Amino acid sequence: MNYLAFLTPTQKLFLSYPRSDNDQLDLKCSPYVERIKQALELPLSHAHKNDGTSDALNYIGTKRTTMSELIKVERQAITEQRELPEVWDHLFQSFQQDPATKPLFEQLNRSLDYKNIPEQLTPESVKGLYGKELKTSISRLEDFYANPYEYFLKYGLGLKEREIFEMNAANTGEYFHTLLDTFFKLLLKNGQDLKLLKGPEFDAYFRESVELTKRLPQFKILDSSNRMRFLARQLNAAAKQVGGAIHKQRQFSKLKTIQTEALFGHVGELSGLAGLQFTTPNDRLVTVRGKIDRIDELVLGDKHYLSLVDYKSSAKKFDHAKAYFGLALQLLTYLDALLKNKTTLVKDATKEQIATAGAMYMHLYNPTFKQKEIYQAVYEDEVLKKNKYNGLLLDQTDVLEGLDESLLESSGNSLIYPFRRNKNGSYKATGAQLVTADQLEAWLLHNEELIKQATDMIFSGRLDLMPALFKDGSALQYTPYEAIMQFDPMLPENNYYRLPTEKPADILKLLQAEEEK
């Protein structure tokens, strides 16, 4: 092959090799080319980026490679608003007039005018894709705010990756949720209070929960190989650690779990809760459904305070900016559904006697400990710290005292919740995680407006390719649709939606201003 290639040129022969790969890693010349260079004492020259000003002979090769270089020069000329250099203009005319190259060359030239901007949907297309009313989960609306075009690909066109027989992050999360749900349902069925369980009793209930969970068809994969059985043991150990942490938390709290995996807005569920339903300013109807992982009740006299816990397979904190601008709607939406169904959940109390204590995230994992955390501190305290909740809590003294009774006689940080008790008896939290009833109401009203706003934008056919960019990543970080979107921040028409970086105190001021309007 090389023999024929060497005899093909009529005037000059150029030997070339790449100096770096696609990952910008340096590449060496092959020994074969290096020996030819040394034997014939050939000069070595380095070709630089083709901007049209260097000697064109450095970039001219086969017709296809030359076309590629010509397109680069054309793009540079358009950007700098100047004419093509004479040599490259001659090549342009040559490719245009050659019947063999003209079709491909014209196709390549059309790319110079291409703009990576999605067309907006027509009303007919919107109706065909989404119908007359929107029935959705809140995570879908979060996806819309994160990137409207990805929402269209995922929920409009229904594009999804091919399913693989494996335990992915979603399956792992489902296993955790199901196992903890089974555990709490066993306790409720047998009239047991988690706080009063002894160690052996806790272990027995948990073993029974594991046996019931692994029999379910969706988790048969965990018994398909030795590797899967090992993974099952790891998952069970992590879930038992979380269950044990909740057991320890209850020793210092008046909370009781009244329901787990509570569905709301699901059609056909006889025992489910009512969904959230809103009419938008454009007279569109939206129904939001979901599933609350855990609902707890705190009884103080004749008052009932409901709170919810949302389990997460990765560490998650309540981000005020994300919640305000639509990227973290879930916790507040679940809390809204909880309050709208409060008389269904607490049947022996009036509407006025039921309020909320807050909404929290809990990380489902098996934490690791540093040596000093084990030997220089009380181990049980370190376990509680690793499993501390994060979210929004009602800033009301009697409620906070009921949530963590360990601080009744002393000051200091709570080992369970994100607040501390000061020496004067007041409570304080970092990141504005303690909110008043009015602030919480303002959050819920703003959240409802975001749901309505997203619905109207979806029905308007909006397809902006504008992924959100925030301090800890972007909406493109884990998307499987990147190859379809072809988003390129270097293109003038492709821009990120940069999430504002307001502090929690500033967000609360914005909510107050909305209320005053």
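Residues numbered from 1 in each chain as written. Predicted model: local features only at pLDDT ≥ 70, side-chain atom pairs only at ≥ 80, totals over all residues. Heavy atoms only, no water.

(A) Focus on the nonpolar core. Y130, L141, I292, L308, F318, L338 and W443 are the most contacted members of the largest nonpolar core, which has 69 residues in total. Sorting elements by how many residues they give to this core places helix α18 (residues 437–459) first, with 10 residues. If sequence neighbours within four positions are ignored, I292 has contacts with T260, E261, A262, F264, L308, Y334 and L338. Of all hydrophobic cores here, the second largest spans 47 residues; its members include L179, M228, Y311 and I416. (Core = buried A, V, L, I, M, F, W, Y, C linked by side-chain atoms within 4.5 Å. Buried < 20%, exposed > 50% of the residue type's maximum accessible area, 1.4 Å probe, protein only. Helix = DSSP H or I, 4+ residues; strand = E, 2+ residues; numbered from the N terminus. Contact = heavy atoms within 4.5 Å.)

(B) A look at the pairing of strand β3 (residues 276–279). By the alternation rule, side chains of β3 split into L276 and F278, which are all buried, and Q277 and T279, of which none is buried. Sheet topology places β3 next to strand β4 (residues 285–300); four bridges connect them, and they run antiparallel. In the strand pairing of β4, T279 is matched with L285. Counting the residues between successive antiparallel strands, the hairpin from β3 to β4 contains five residues, one of them, D283, with a positive phi of roughly 60°. (Pairing = 2+ DSSP bridges.)

(C) Empty space enclosed by the protein, seen in detail. Scanning the entire structure with this criterion turns up three cavities of 30 Å³ or more. Of the pockets and cavities examined, the largest cavity occupies roughly 60 Å³. If you go around the largest cavity, the residues you meet are L255, R294, D296, S307, L308, V309, M360, Y389, L393, L403 and Y417. Within the residue set of the lining of the largest cavity, elements represented by two or more residues are β4 and β5 (303–312). (1 Å grid on protein atoms, 1.4 Å probe; cavity = no way out; pocket = protein on both sides within 12 Å on 5 of 7 lines; lining within 4 Å. Points joined across faces, edges and corners; volume = space filled by probe spheres on them.)

(D) Molecular detail of the pairing of β4. In terms of residue burial, β4 counts as a mostly covered element, since 12 of its 16 residues are buried. The sheet contact formed by strand β1 (residues 134–137) and β4 spans four bridges and is parallel. Residue S137 lies in a different strand from β4, and its bridge partner there is R289. By the bridge criterion, seven bridges tie strand β2 (residues 256–264) to β4 in an arrangement that is antiparallel. Within β4, the position partnered with Q259 by the bridge is I295. Summarising the sheet, β4 and β5 pair through seven bridges and their orientation is antiparallel. Along β5, the bridge assignment pairs I295 with L308. From the end of β4 to the start of β5, which pair antiparallel, there are two residues, and G301 there has a positive phi angle of about 70°.

(E) Region of the structure containing the sheet that holds strand β12 (residues 468–470). Strand order in the open sheet formed by three strands is β13-β12-β14, and the pairing between neighbours is mixed. Looking along the sheet, the strands with just one partner apiece sit at the ends: β13 (473–474) and β14 (497–498). Alignment of β12 against β14, held across two bridges, turns out to be parallel. Note on β14: the bridge partner recorded for A468 is Y497.

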